[in-house]
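Coordinates in review
Chain by chain, the residues run as shown.
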Amino acid sequence: ADGKTHLTKAVKTSFRVDTEFPVWNSYRRLTGLHDDNKALYLVVQIFDYDKLSKDDFIGMSITDISEAKSGQKFQTEVQIEKQFQKHLKGKCLVEFEILKDTKWPSQKTIFFVRHGESKWNEAEHGILQKGNLVDGVTTMAGGRDHPLNYVGINQARELNAKWKAKDNPSVPSGEKPSSDDIDSFYQATKIYASPLTRATQTCLIGLQDHPTLARDGVTLMRQLREVKNRIGWDTLGDALGEQIRVRVREKLLHETKTRPHQLKDFLPKGEEDLDILTNPKIDTNDCETYWWDEDHNKSVDISERLTDLIHALRFSDHEIIICVGHSLFFREMCRAFIGGGHPKSTKEIKELLKTDKNNEKEGKKGLGFEGSNLAMDSRLYKLGNAACLMAKFDFSKPLMKDWKITSAKLMFGSRFNKKEKQDMASSDSKDVPPSVPDDKALLSK
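Residues numbered from 1 in each chain as written. Predicted model: local features only at pLDDT ≥ 70, side-chain atom pairs only at ≥ 80, totals over all residues. Heavy atoms only, no water.

Burial of helix α5 (residues 197-206) is extensive: 10 of the 10 residues sit out of reach of the surface. Looking at α5, one finds that the buried residues are Thr 197, Arg 198, Ala 199, Thr 200, Gln 201, Thr 202, Cys 203, Leu 204, Ile 205 and Gly 206. (Buried < 20%, exposed > 50% of the residue type's maximum accessible area, 1.4 Å probe, protein only. Helix = DSSP H or I, 4+ residues; strand = E, 2+ residues; numbered from the N terminus.)

Moving on, we get to the pattern of salt bridges. Considering all chains together, one arrives at 23 salt bridges under this definition. Across the salt bridge formed by Lys 166 and Asp 183, the nearest N and O atoms sit 2.9 Å from each other. Taken together, the residues Lys 166 in the loop between α3 (150-165) and α4 (179-187) and Asp 183 in helix α4 connect sequence positions 17 residues apart. The class for Lys 166 is partly exposed, based on a relative accessible area of 48%. A single salt-bridge network, built from bridges that share partners, covers Arg 16, Arg 222 and Asp 286. (Salt bridge = Lys/Arg side-chain N within 4 Å of Asp/Glu carboxyl O.)

Attention shifts here to the side chain of Thr 289. The residue Thr 289 is located in the loop between β10 (282-283) and α9 (299-314) in this model. Within polar-contact distance, the side chain of Thr 289 engages the side chain of Arg 222 at 3.3 Å. (Polar contact = N/O pair within 3.5 Å; in protein donor to acceptor, adjacent residues only side chain to side chain.)

Quick look at the packing of aromatic side chains now. Summed over all chains, the structure comprises 16 aromatic pairs. Relative to Phe 393, the ring of Phe 112 lies with its centre 6.4 Å away and its plane at 70°, an arrangement referred to as edge-to-face. Taken together, the residues Phe 112 in strand β7 (residues 107-114) and Phe 393 in strand β13 (residues 388-394) connect sequence positions 281 residues apart. With relative accessibility at 1%, the residue Phe 393 sits in the buried group. Centre to centre, the rings of Trp 163 and Phe 185 are 5.9 Å apart; their planes meet at 50°, and the pair counts as tilted. Here the residue Trp 163 occupies a position in helix α3, and Phe 185 occupies one in helix α4, the gap between them amounting to 22 residues. Exposure class is identical for Trp 163 and Phe 185. Each is buried. One aromatic cluster is present, built from ring pairs that chain together Trp 104, Phe 112, Phe 315, Phe 330, Phe 337, Phe 393, Phe 395 and Trp 403. The lysine or arginine in question, Arg 305, covers the ring of Phe 329, its NZ or CZ lying 4.5 Å from the ring centre. (Phe/Tyr/Trp six-rings, centres within 6.5 Å; stacked < 30°, edge-to-face > 60°. Lys NZ or Arg CZ within 6 Å of the ring centre and 35° of its normal.)

One open sheet holds the 7 strands; their spatial order is β10-β9-β8-β11-β7-β13-β14, and the pairing between them is mixed. Looking at the sheet topology across the chains shown, the edges are occupied by β10 and β14 (404-411). Note that β13 and β14 share 7 bridges and pair antiparallel. Looking at β14, one finds that Leu 389 is bridged to Leu 410. Most of the contacts of helix α10 (residues 327-337) go to β7, to which it runs at about 150°, and overall it touches β7, β11 (320-325), β13 and β14. (Pairing = 2+ DSSP bridges. Contact = heavy atoms within 4.5 Å. Axes fitted to C-alpha atoms, helices over the stretch in contact; angles between N-to-C directions.)

Here you go:
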């Protein structure tokens, strides 16, 4: 652009739909060798996303950030391509913030909590275990964004009781959590959740009375939503913004009235207790516009979501974070950051771990992961409903390809669901599995 030299590769954000005021909430580390005697520019290009053809280039802005201070915000005008200028209602502006010389924690603890059993899960079990094909398919096809059923509500309540009581039973895989690990869950200072109803419900029930939820509430993050396979209707959203809370409340109330015997002590004061349960602040900034996928996720889609999420976690000021979400996406996270890179098959995972064990015996450098059996389980299997996995992340290296999970533990007696098929659809089986992309984008003149 204008004779400038590229210092890094280009960053690509995820797309936003049906809004004239898109908010990306996208963090990136921009790295490259730069001569301090030359000017430094940030180039922003805007594209119109197309599903079936090449994205249309709309326009570009170039901003001099040579003298930018950390925390400085910029608003710059985008120069629109001639063929799109007739659609302009005014100036097209883009805003961004520069952060530099900031010392984010390089070691972080992230707790991944899967939602409780949902109506969709219940229908799946009915088909697979009881042969109730007609009822199961009717339930699965009859709606979207399925909420918790009564079992899932009680599973979330059980998780709540366990962390409050500091219950620390033995776990079926990996090392048993220490008392410090249990305390870390209580000490988490940031809570994120998927905007899908079952995950937000699990967050509000499972984390009720957590000091951070009570003080700061929960931030909904679209990148924590479930992976969309070809028939994943339960991954399709049904509400935007504040309507997400309304839907969460309505579905809890409906299940309570439908299953009074199974949930007789859940909301003893009825809607009064429900108002208290759903009262914490819910930050919906990331979900004010269309936030789900109508098409099934390919490997590149999952990779882009992992990139967005891991950067948001990396550049958060918080050292201990709780993320409430979904089993397939959490499994992709483990595959991407345990041992580096994404293995292509179950066989490759087993070979990788076998080699790692042999290397450690011979005194060679291994994966740097504590607990090989848990490393394999977290890459092969889905977390059980309302299960919690603690992952220790090392962000000490500057590039994302070197970020990794160094250890993990199942919390509060959680387990993996080994009865389900290992490779239930996450992305199209013909796709190359997601990889960890390279880091990205500045210009110099």
